[in-house]
Amino acid sequence: MEKTLGFSNFLAQIDHVGMSVLILLLTLSVASWYLIITKSIGNLIASKRANAFLERFWQIDSLSRLETEVRNEAADHAFIQLAKTALAVTTDSRQYGMEKLAAAGGSGELLTRALRNSLDQESARVENGLTIIASAGSAAPYIGLFGTVWGIYHALIQIGLSGQGTLDKVAGPVGEALIMTALGLAVAIPAVLAYNGFVRRNRVWLAQLDGFAHDLYTILTVGSKASEKYDQEKTQEHLSAPSMPATGLAGAATASLAGEER
């Protein structure tokens, strides 16, 4: 009856060192694939929610409606969290003025610090888990190489004990070495590809958040002043001639800047 040399035979003859290497590689593989799957699903859901929110956001035509819409939104992605933080800081500065220590330097500086803090928190959140993926991608080939060296060492021991390098003496240890090499590469390649993909996605995501933070700052500082000025001008010109309303929050800010130039 022929003796088959498969993966089951490899597991049957592997020693404690080889088993430790195998368990370590399997642990890295499970951890990296868990993070790859969960982060991919989470990023996809967050992107869809953010795109839908931004589409609704730029259709809002007043700061009062903006506060109402943002207050009713669920904080399930970074863009709405950034908007909630900005509106909360602006509301607190209106209610308490400069009485709080955090408001030292002016409301604009307070808003800038709050937005920057939110961006830093989101940056730390999206990078969570990338260390494990990067470690799996960089360390797995060397762990597999250690298993390969250990398998070749076993092959040399078999040759030394038997006094002859026949195939039946070295096939098992050499097969163990090749399996360890293949497992190391199988763990490392998906981890490296996933890490590069996540890094690029995070860079684009944080760049979009940074641009949205600048938009929020402009809307809540220049835009609020523009809305007040526009309301005053509309009240004064109501009896003389109809006025064309500015479209949206960006229009109010543009009208304010145009008035300052005049």
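Not measured: the values here are computed from a predicted model. (Residues numbered from 1 in each chain as written. Predicted model: local features only at pLDDT ≥ 70, side-chain atom pairs only at ≥ 80, totals over all residues. Heavy atoms only, no water.)

Caption draft 1: Just the overall build of the chain, in detail. When helices and strands are counted, the chain shows eight helices and zero strands. Reading the chain from its N terminus to its C terminus gives the helix and strand order α-α-α-α-α-α-α-α. Intrachain contacts of the chain at a sequence separation of at least 6 include 76% that bridge at least 24 residues. Of the roughly 16000 Å² of accessible surface on the chain, 61% is carried by carbon and sulfur atoms. (Helix = DSSP H or I, 4+ residues; strand = E, 2+ residues; numbered from the N terminus. Contact = heavy atoms within 4.5 Å. Areas by Shrake-Rupley, 256 points an atom, 1.4 Å probe, with all protein chains shown as cover.)

Caption draft 2: Broad picture of a nonpolar patch on the surface. A surface patch of nonpolar side chains, amounting to about 380 Å² of accessible area, comprises Trp33, Ile37, Ile41 and Ile45. By secondary structure assignment, the location of Trp33 is in helix H2 (residues 16-57). Given the relative accessible area of 41%, Trp33 is considered partly exposed. (Patch = residues over 30% accessible without salt bridge, like charges linked within 9 Å, V, L, I, M, F, W, Y side chains within 5 Å. Salt bridge = Lys/Arg side-chain N within 4 Å of Asp/Glu carboxyl O. Buried < 20%, exposed > 50% of the residue type's maximum accessible area, 1.4 Å probe, protein only.)

Caption draft 3: Highlighting the pattern of salt bridges. Following the criterion strictly, the structure yields six salt bridges and no others. A salt bridge links Asp61 to Arg65; its shortest N-O distance comes to 3.7 Å. Judged by relative accessible area, Arg65 falls into the partly exposed class, the value being 37%. Among the salt bridges present, the one from Arg125 reaches Glu122, with a minimum N-O distance of 2.8 Å. Residue Arg125 and its partner Glu122 are located together in helix H5 (residues 107-126), separated by three residues, close to a single helical turn.

Caption draft 4: Geometry of the environment of Ile152. Structurally, the position occupied by Ile152 is in helix H6 (residues 130-162). Remark: the alpha-carbon pair of Ile152 and Val174, spanning 22 residues in sequence, is separated by 5.9 Å.

Caption draft 5: Region of interest: the environment of Leu54. Counting through the fold element by element, Leu54 comes out in helix H2. Note: C-alpha distance between Leu54 and Ile80 (26 residues apart in sequence) is 8.9 Å. Each residue touching Leu54, except ones within four places of it in the same chain, is listed here: Phe79 and Phe212.

Caption draft 6: Region of the structure containing the packing of aromatic side chains. Under the definition given, this model contains seven aromatic pairs. Between Phe57 and Trp58, the ring centres sit 4.9 Å apart and the planes meet at 90 degrees, which makes this aromatic pair edge-to-face. A centroid spacing of 5.3 Å and a plane angle of 90 degrees characterise the contact between Phe79 and Trp205, whose relative ring orientation is edge-to-face. Pair noted here: Phe79 is in helix H4 (residues 78-96) and Trp205 is in helix H7 (residues 167-236), with a separation of 126 residues, a long-range link. For the pair formed by Phe79 and Trp205, the shared burial category is buried. The ring of Phe198 has Lys39 lying over it, and the distance from NZ or CZ to the ring centre is 5.8 Å. It is Arg201 that lies over the ring of Trp205; its NZ or CZ is 4.3 Å from the centre. (Phe/Tyr/Trp six-rings, centres within 6.5 Å; stacked < 30°, edge-to-face > 60°. Lys NZ or Arg CZ within 6 Å of the ring centre and 35° of its normal.)

Caption draft 7: Geometry of H5. End to end, H5 covers 29 Å across 20 residues, agreeing with the expected 28 Å (1.5 Å per residue, within 8%). Taken together, the buried positions of H5 are occupied by Gly108, Leu110, Leu111, Ala114, Leu115, Ser118, Leu119, Glu122, Ser123 and Val126. (Expected span 1.5 Å × (residues − 1).)

Caption draft 8: Structural context of the environment of Ala139. Within the fold, Ala139 resides in helix H6. Measuring from C-alpha to C-alpha, the distance between Ala139 and Leu28 comes to 9.3 Å, with 111 residues separating the pair along the chain.

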